[in-house]
Amino acid sequence: MQLTALFAGLLSLSPLFLSANGCADHLNRRQEESAQAFSAAKFPDIQKILAGNKEFQNTRNATLIQDLVDNGQKPPVMMISCSDSRLPEASVFNSEPGTFFMQRNIANQYKVGDEGVQSAMAYGINVLGVQHLVVLGHYGCGGVAASIATPPKAPISVSSSIVNTWISDIRTIYLTSERAEIVEMRTRNLEIEANGGTVEEPTIREPGFRALVEENVKLGVQRLATSSVYKNLVGDVETRLNTDGTPKSEARRRKRSAQAAETPGQEETATEEEATLKPVFIHGWVHDLETGEVLDLNVSVGPPGFENFVPPSNGEGETPTPSESETPAASSTASEGASETSSSEAASSTSEEAAASSTSAAEGATETPATGETETETETPANVGEGNTSNNTSNGDVKVHGPSSQPARRRSNSRVMRRGD
């Protein structure tokens with residue numbers, strides 16, 4: 001009797017199960033119909049893009065890409081550039097895959113508290129081992145142009161509000177900068193607005209517009225240099241590396257190499273962290289869309305004491321063989337020098353190392369404003385590279401060469417289009 005009742009109950013529930021299955025089938029059919037309705041096949045632009053992918057598969061450097069797949073990426077440069085579709089870095093620099101670790105946003109900005117850029121920078125420096133951070137702006141930037149135009153009046157749409165909030169720092173530069181080209185443009189525009197007119201976005205060749213693009217890049221460089229990620233790196237570099245990029249423990253290891261045979265196991269080697277640590281430099285560039293040229297704004301910064309640093313020429317990530325007169329750790333000079341033999345070679349070595357140690361201590365005492373400041377949001381960057389670019393030498397930045405293995409000529413508007421930069 002109980003079994004009969006249970007069976008009857010199950011039968012009564014069967015329509016519900018069938019209904020649920022039918023609903024699921026219906027949803028699946030709707031999804032398939034939706035996918036077909038919005039299929040790429042009906043959109044010519046998407047079809048063109050997918051066709052380009054097929055062509056890419058046939059023309060790509062398969063050997064290089066497979067090597068990147070097997071061994072991982074080791075890009076020398078992290079680039080913060082604009083979201084603008086006219087700024088494809090691979091085309092602009094004629095570079096191969098694996099050259100740039102990219103972060104894009106409107107008007108190539110770095111803002112304090114932007115976790116997207118901060119996480120990318122931390123990963124690029126600490127995991128991928130990039131040695132250069134580049135802020136790449138471009139003339140004709142829409143975000144910069146919008147910061148010059150008269151702000152939209154209420155009611156403001158959600159999208160317009162988001163964009164105008166994002167570019168507010170650039171507008172602050174526009175309203176406060178003392179650079180001559182910007183002052184002239186601002187004076188003219190404020191007069192138009194005071195008479196009830198509306199200022200439209202400027203043309204690409206407007207001098208004030210071009211100057212504001214450059215000042216925005218300079219602000220990005222300054223903010224990167226004062227970010228917590230970069231300041232922590234600089235602290236590690238100053239503590240653990242000699243100014244030629246070799247680990248400080250390497251100097252001690254070489255001094256004790258003569259004793260290694262007599263006391264096995266006492267030889268000191270560089271830690272894995274020291275072996276992969278490297279100085280990182282920040283650069284500010286602007287791309288001219290009309291000519292294709294990339295202009296170095298000469299606002300590069302780097303760790304104190306590394307002004308004359310030359311990257312290794314014996315391969316990516318390799319440490320050059322240090323010279324015998326390389327600076328040892330200052331704290332170990334006296335005790336180690338006392339244990340040296342009285343031979344002329346030892347005496348000469350001790351003298352050279354003591355002099356180098358003094359030099360290293362003097363260099364280590366030097367600090368740049370970029371690394372000594374607290375990371376704060378800068379609303380009025382009036383002192384960021386004001387004036388003509390070619391005369392921008394008073395902002396306290398450490399001048400270093402660009403991302404090429406050879407020092408770049410320090411001049412305004414220098415061309416830095418080098419393959420693989």
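Going by an unreviewed UniProt entry, the protein carries the name 10337_t:CDS:1 and comes from Acaulospora colombiana.

(A) Structural context of the state of the cysteines. Tallying each qualifying case throughout the model produces zero disulfides. Not part of a disulfide, Cys-82 finds its nearest cysteine sulfur in Cys-141, a span of 4.0 Å.

(B) Quick peek at a nonpolar patch on the surface. A surface patch of nonpolar side chains, amounting to about 500 Å² of accessible area, comprises Phe-38, Phe-43, Ile-46, Ile-49 and Leu-50. Inspection of the secondary structure puts Phe-38 in the loop between α1 (2-37) and α2 (44-59).

(C) Main features of empty space enclosed by the protein. Scanning the entire structure with this criterion turns up one cavity of 30 Å³ or more. Estimated volume of the largest cavity: approximately 40 Å³. Considering the residues around the largest cavity, the lining is formed by Gln-109, Tyr-110, Asp-169, Asn-216, Leu-219, Gly-220 and Arg-223. Per-class residue counts for the lining of the largest cavity are two nonpolar, three polar and two charged.

(D) Broad picture of unusual backbone geometry. Cis rather than trans, the peptide bond between Ala-154 and Pro-155 has omega equal to 0 degrees. Checked against the element boundaries, Pro-155 lands in the loop between α6 (142-148) and α7 (158-166). Of note, the phi angle at Asn-94 is positive, near 50 degrees, even though the residue is not glycine. Following the sequence through the fold, Asn-94 ends up in the loop between α4 (89-92) and β2 (100-105).

Basis of the calculations
Residues numbered from 1 in each chain as written. Predicted model: local features only at pLDDT ≥ 70, side-chain atom pairs only at ≥ 80, totals over all residues. Heavy atoms only, no water. Disulfide = S-S within 2.5 Å. Patch = residues over 30% accessible without salt bridge, like charges linked within 9 Å, V, L, I, M, F, W, Y side chains within 5 Å. Areas by Shrake-Rupley, 256 points an atom, 1.4 Å probe, with all protein chains shown as cover. Salt bridge = Lys/Arg side-chain N within 4 Å of Asp/Glu carboxyl O. Helix = DSSP H or I, 4+ residues; strand = E, 2+ residues; numbered from the N terminus. 1 Å grid on protein atoms, 1.4 Å probe; cavity = no way out; pocket = protein on both sides within 12 Å on 5 of 7 lines; lining within 4 Å. Points joined across faces, edges and corners; volume = space filled by probe spheres on them. Nonpolar A, V, L, I, M, F, W, Y, C, P; charged D, E, K, R; others polar.

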